[in-house]
Amino acid sequence: MGSCMETTGKWLTKGCVQQQARDPASLAASQQAATRTHGTSPAGARGGCVTADNGQRTHAHTALSPGNGVTVRTVAMAITALGVLLLLLFHSATPYSDPIIVRDPEILESKENVKGSVLSCNLTNPPSIIEGRVWKKDDVEIPTTKDTVDSPLMEYKLEAYDAKHSGVYSCHYFTTPAVNSTILVKASPGVTAEKKSEHRTEGESGVLICKSSGFPPVENWSWSRETKAGTEQIVNGTKKFHIKSMGNKTELHISSLDIELDQGDYFCNATNEVDAKAEMIHLRVRSRYAAVWPFLGIVAEVIVLVAIIFIYEKRRKPDEISDDDEQGSAPLKSNSATNHKDKNIRQRNSN
C-alpha cells in the first residue's frame, strides 16, 4: 500500500501502478469501489485511494474524507457552545451565591476603656433588592437599628468599647436569601464582687464571690490576698481554701475563720485573651463573743443610771425639805389675816 499521489483525472499510488500493470481489470474495479464509498469519482475524491489485492481486500484513507470533517466540526461546535453556556451560568450565579460584605473593622480590641467607635458594613453584589437592615449583638436585635432603608452601607456607633459594650456584633440585610456578617468587639474582662465587704464570725466558714462580663469570656480565674509579708497567691484544694470556678463566676471558700489569720483584703483575678483584671473584697472576722457585747453594754448603762438616781436621792439636803413644808403652810396664815380684817369692818359698821 504506501502513500498516494494525486494527478489530474486519475488516482495513482505506487501500489495502484503496480496493480494496474499486473491486472487492469482489478484497478477498474477499485476505482468503482472508491466512487461508491466517497460519492465522487476518483478524480473528485481528494486524498483517497482504494487498492485491491486479488479482488478481495480494499483500503481507504477516510480520515480526510468530507463526511468525517463535518462530524469533527459539529462536535467541536457543540463543545464550544456548552462551555459558553456554563460560563454564562457561572457569572450569572456568582452575585447571588457569593455576596460580599466589607466590614470595618473586622475585629475591634482594646485593653482599656476607650470612647466610642463606629462599626460599618458595606454589601456588594446583593442577591436581591435590600428590603431592610438591622444590627444584632450576641444574636439579639438592637431595636434602634432596625429600618427599611435599601442602602448597602450600614453603620453603628459604640458608646465605648469596654467589657459592657464588647461582644459579637452582626449586620443583617433583609434580602432573598438573607445575608449577614459579624464584627468582633473584644475588651478586658469586667470583674465585679458580689459584696465589696464580707462580715463573718470567728470559727465560721466564709465565701467570697466574683463575677465577670464581656467578650471574650474569662479563660482563667485565680485568687490572692494581702498579708503582712506581701501578696500571697492562694492555692486551691488546701485544708483552708477551696476555689470553685464556673465560667463567668468564681467562689473562694474559707473554712474555720480566724480573726488574726484570715481577716484582710482578698483579690479575685480574671484573665481572657485580651488582658487580666482584678477586684478586691475586704473580709472582716468578728469575735465569737461579738454578739454579747451589745447586751452587756445595755445592762451596764441601766446599772449606772439607777446608781446615779439612788445617790442623788440620798444626798438631798434637809433644808430643801423644810422649805417645802413652809411653802405648804403659808396659805393658812394669809386666810387668818383676811378673817381679821373682815371682823374689824363689821365692828365699824355697828358703831
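Residues numbered from 1 in each chain as written. Predicted model: local features only at pLDDT ≥ 70, side-chain atom pairs only at ≥ 80, totals over all residues. Heavy atoms only, no water.

Trainee: For this particular structure, what's the right way to read the nonpolar core?
Mentor: Nonpolar side chains tend toward joint burial in soluble globular proteins. By size, the foremost hydrophobic cluster in this structure holds 19 residues, and its most contacted members are Leu208, Cys210, Trp223, Leu252, Ile254 and Tyr266. Counting residues per element, the ones that place at least two in this core are strand 13 (190-193), strand 15 (206-213), strand 16 (220-227), strand 18 (241-246), strand 19 (249-254), strand 20 (264-271) and strand 21 (276-286). Excluding anything up to four places from it in sequence, Leu252 contacts Gly206, Val207, Leu208, Trp223, Ile234, Phe241, His242, Ile243 and Tyr266. Counting 18 residues, the second largest nonpolar core, distinct from the first, contains Trp135, Ile142, Met154 and Leu158. (Core = buried A, V, L, I, M, F, W, Y, C linked by side-chain atoms within 4.5 Å. Buried < 20%, exposed > 50% of the residue type's maximum accessible area, 1.4 Å probe, protein only. Helix = DSSP H or I, 4+ residues; strand = E, 2+ residues; numbered from the N terminus. Contact = heavy atoms within 4.5 Å.)

Trainee: For this particular structure, what's the right way to read the state of the cysteines?
Mentor: Covalent bonding between the sulfur atoms of two cysteines defines a disulfide. One pass over the full model with this rule turns up two disulfides. Between Cys121 and Cys171 runs a disulfide, and the two sulfur atoms are separated by 2.1 Å. Its torsion about the S-S bond being -85°, the disulfide of Cys121 and Cys171 is classed as left-handed. Taken together, the residues Cys121 in strand 7 (residues 118-124) and Cys171 in strand 11 (residues 167-173) connect sequence positions 50 residues apart. Residues Cys121 and Cys171 agree in their burial class; the two are buried. One disulfide bridge connects Cys210 with Cys268, the sulfur atoms lying 2.0 Å from each other. Around the S-S axis, the bridge from Cys210 to Cys268 shows a dihedral of about -75° and counts as left-handed. (Disulfide = S-S within 2.5 Å.)

Trainee: Any chance you could explain the confidence of the model for the protein here in plain terms?
Mentor: Predicted coordinates in regions of low pLDDT should not be interpreted in detail. The share of residues in the protein with pLDDT of 70 or more is 66%, and the mean pLDDT across the chain is 76. Note that residues 1-28 has pLDDT below 50 and, in this model, 36 contacts with residues that lie over four places away or in other chains. This model gives residues 33-67 a pLDDT under 50, and the stretch forms 49 contacts once residues within four places in sequence are excluded. (pLDDT = per-residue confidence, 0-100.)

Trainee: Got a minute to help me understand the environment of Ser170 in this structure?
Mentor: Looking at the element boundaries, Ser170 is found in strand 11. On the accessibility criterion, Ser170 (7% relative accessible area) is buried. Sequence spacing of Ser170 and Asp138 is 32 residues, and the spatial spacing of their C-alpha atoms is 8.0 Å. Those residues in contact with Ser170 that lie beyond four places of it in its chain are Val134, Trp135, Lys136, Ser181 and Thr182.

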